Amino acid sequence: MEAYLDNSATTMVFDSVKDIMVRTMTTDFGNPSSLHTKGMEAERYVKTAREAVARQLKAEEKEIVFTSGGTEANNMALIGAALANRRRGNHVITTGIEHASVLSPVRFLEEQGFRVTYLPVDERGVVRMDALEEALDEETILVSVMYVNNEIGSVQPVAEIARRVHEKNPEILFHVDAIQAFGKYVIRPKREGIDLLSVSGHKIHGPKGSGFLYIRDRAKVRPLILGGGQQKGMRSGTENVPGIAGLGEAVTEIYRNHEERTEALYRRKERFAEGLSRMEDVRINGPRGREGAPHIVSASFAGIRAEVMLHALEDAGVYVSSGSACSSQHNKSYSATLTGIGLAKELLDCTVRFSFSIFTTEEEIDYALEVLGRLVPALRKYRRN
């Protein structure tokens, strides 16, 4: 048996996503910029996807820019917004537990002369509001906070953060990395005070290489990719019609029976966390139960290196991550999230992330717990010897 518990890294696409992508690659394969029938057919797929995204966000179609994924969306939001608003100020605020696709652009902005404040979090991984209040000043032009942390599943109070930011100055742009949140939560950017919102397709059973950035109509963002002027000049280049069509289909499908599916996710998470809690010297990190996201469990196994655990689980057909899969292969330093919540140093290299999707079954959960029940004492015994 296998148990794929690495859905925060990537997900299996919906059948309907696969079908529409095949169709746009083999039959309706035109360039959406072409003026003939094939081009107009392709353009309809892009328009339909844009309508689907806008409808879900209760946004306007012109506020959606399709990207190559969450990393590009975050780069466009941060670098594009900072450069476009530099005359108003040079101060950017983010947190110390952001994904690398936020932290790396922010460090780039520092190199360009912007001043950056990194907010601390509490032991649950939630932003300290007092630190936010203290950081906001007359030079602040942009605040970026992730909705759901990709490692421990902590959920930020984005609406409250937005309120405090905009009370300080309505012109400050508030960016939210919703890559782990979209599909798990119903997000309405205007209602929650979000000016910029990043989403990735392959986290919601859509294709890799797809995503979008919501840009509120009042927000100024400088394009980063220049060329033929596609997407009203905000993101030039021939549109990835199969990716965009697949993304639009995934956005529609992920929100079908949403409450029921989310409840099922929470039940799987609680079943798994309960099983872990019965094991010796296992610590669950971040928020407990329904305070956290419905699909992520971070656990530290004292005395067992994460890499050893990962490969031992893999041998048994259980697939997990030792951290953020997007950066763990390229960055061997300790997780900023785990250090940020105050995890003991001896556990930093002993932490594994388990993440679920709407396709995760109780049988997979039980099988993973059974394998862990055998592996954990065996690996510790091996280490002592």
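The present account deals with the structure reproduced in this document. (Residues numbered from 1 in each chain as written. Predicted model: local features only at pLDDT ≥ 70, side-chain atom pairs only at ≥ 80, totals over all residues. Heavy atoms only, no water.)

The next subject is the overall build of the protein chain. When helices and strands are counted, the protein chain shows 12 helices and 12 strands. Out of the 385 residues in the protein chain, the part that is buried amounts to 58%. With an accessible surface of roughly 16,800 Å², the protein chain has 49% of that area assigned to carbon and sulfur atoms. In the protein chain, which carries 50 positive and 52 negative side-chain charges, the distance between the mean positions of the two groups comes to 2 Å. (Helix = DSSP H or I, 4+ residues; strand = E, 2+ residues; numbered from the N terminus. Buried < 20%, exposed > 50% of the residue type's maximum accessible area, 1.4 Å probe, protein only. Areas by Shrake-Rupley, 256 points an atom, 1.4 Å probe, with all protein chains shown as cover. Lys, Arg positive; Asp, Glu negative; His and termini not counted. Charge placed at Lys NZ, Arg CZ, Asp CG, Glu CD.)

Attention shifts here to the packing of aromatic side chains. Tallied over the full model, the rule gives seven aromatic pairs. Their ring planes at 85° and their centres at 5.8 Å tell us that F182 and F212 sit as a pair that is edge-to-face. Highlighted residues: F182 in the loop between β6 (173–177) and α7 (189–192) and F212 in strand β8 (residues 211–215), separated in sequence by 30 residues. In this structure, F182 and F212 share a single accessibility class: buried. What links up through ring pairs into an aromatic cluster is the set F272, F301, F354 and F356. (Phe/Tyr/Trp six-rings, centres within 6.5 Å; stacked < 30°, edge-to-face > 60°.)

Take the layout of surface pockets next. There is about 390 Å³ of room inside the second largest pocket. Surrounding the second largest pocket, 18 residues form its lining, R50, K62, I64, Q231 and K232 being those nearest its centre. Looking at the lining of the second largest pocket, the element that brings in the most residues is helix α2 (residues 37–57), giving four residues. (1 Å grid on protein atoms, 1.4 Å probe; cavity = no way out; pocket = protein on both sides within 12 Å on 5 of 7 lines; lining within 4 Å. Points joined across faces, edges and corners; volume = space filled by probe spheres on them.)

A few words now on empty space enclosed by the protein. Taken as a whole and judged by the stated rule, the model has two cavities of 30 Å³ or more. Here the largest cavity defines a volume of roughly 90 Å³. Taken together, 14 residues form the lining of the largest cavity, with K184, K203, H205, F356 and S357 sitting closest to its centre. Taken together, the residues of the lining of the largest cavity sort by class into four nonpolar, eight polar and two charged. (Nonpolar A, V, L, I, M, F, W, Y, C, P; charged D, E, K, R; others polar.)

Counting buried positions along strand β5 (residues 140–146) gives seven out of seven residues, so the element sits mostly inside the fold. Here strand β3 (residues 91–95) runs beside β5; their pairing, made up of three bridges, is parallel. By the bridge assignment, I93 is partnered in β5 with V143. A crossover links β5 with its parallel partner β6, the connecting element being helix α6 (residues 158–168), and its sense is right-handed. (Pairing = 2+ DSSP bridges. Right-handed = clockwise from strand over helix to strand, strands pointing away.)

What follows is about the environment of A178. Inspection of the secondary structure assignment puts A178 in the loop between β6 and α7. In this structure A178 comes out as buried when scored by relative accessible area, which is 0%. Along the primary structure A178 and V297 are separated by 119 residues, whereas in three dimensions their C-alpha atoms are 18 Å apart. Leaving out residues up to four positions away in the same chain, A178 has contacts with Y147, I187, L197, S198 and V199. (Contact = heavy atoms within 4.5 Å.)

With that out of the way, let us pick up the sheet that holds strand β4 (residues 115–119). Strands belonging to one sheet form pairs held by backbone hydrogen bonds; the direction of such a pair is parallel or antiparallel. Read from one edge to the other, the open sheet built from seven strands follows the order β2-β8-β7-β6-β5-β3-β4, with strand pairing classed as mixed. Each edge of the sheet is formed by a strand with only one pairing partner; in this case those strands are β2 (64–67) and β4. Across the sheet, the mean angle from the axis of one strand to that of its neighbour is 20°, orientation sign disregarded. Against the sheet, α6 contacts β5 and β6, and its axis sits at roughly 160° relative to β6. (Axes fitted to C-alpha atoms, helices over the stretch in contact; angles between N-to-C directions.)

Moving on, we get to the environment of T11. Relative to the elements of secondary structure, T11 occurs in the loop between β1 (3–4) and α1 (15–26). Counting along the chain gives 116 residues from T11 to V127, while the straight-line C-alpha distance between them is 28 Å. Within the structure, the side chain of T11 is placed 2.7 Å from the backbone oxygen of H202, a separation counted as a polar contact. Among the polar contacts made by the side chain of T11, one reaches the main-chain amide nitrogen of H205 at a distance of 2.8 Å. (Polar contact = N/O pair within 3.5 Å; in protein donor to acceptor, adjacent residues only side chain to side chain.)

Another point: the pattern of salt bridges. Opposite charge on two side chains allows them to pair when their charged atoms are near. All chains considered together, the criterion is met by 26 salt bridges. Salt-bridge contacts for D195 lead to R218; the nearest nitrogen and oxygen are separated by 2.9 Å. Taken as a pair, D195 in the loop between α7 and β7 (196–200) and R218 in the loop between β8 and α8 (241–254) lie far apart in primary sequence, 23 residues in all. Note that D366 and R271 form a salt bridge whose closest N and O atoms lie 2.8 Å from each other. In this pair, D366 is assigned in helix α12 (residues 362–384) and R271 in helix α9 (residues 258–277), connecting sequence segments 95 residues apart. Overlapping salt bridges bring together E133, E160, R163, R164 and E167 as one network. (Salt bridge = Lys/Arg side-chain N within 4 Å of Asp/Glu carboxyl O.)

Okay, the packing of α2 against α8 next. Relative to each other, α2 and α8 sit at 35°, their axes nearing to 8 Å. Pair α2 / α8 crosses with left-handed handedness. Where α2 approaches α8, its residues A42, Y45, V46, A49, A52, V53, R55 and Q56 are matched on the opposing element by V241, I244, A245, G248, V251 and T252. Looking at side-chain class alone, the contact of α2 with α8 contains 10 nonpolar, three polar and one charged residues. (Left-handed = near helix turned anticlockwise from the far one by under 90°.)

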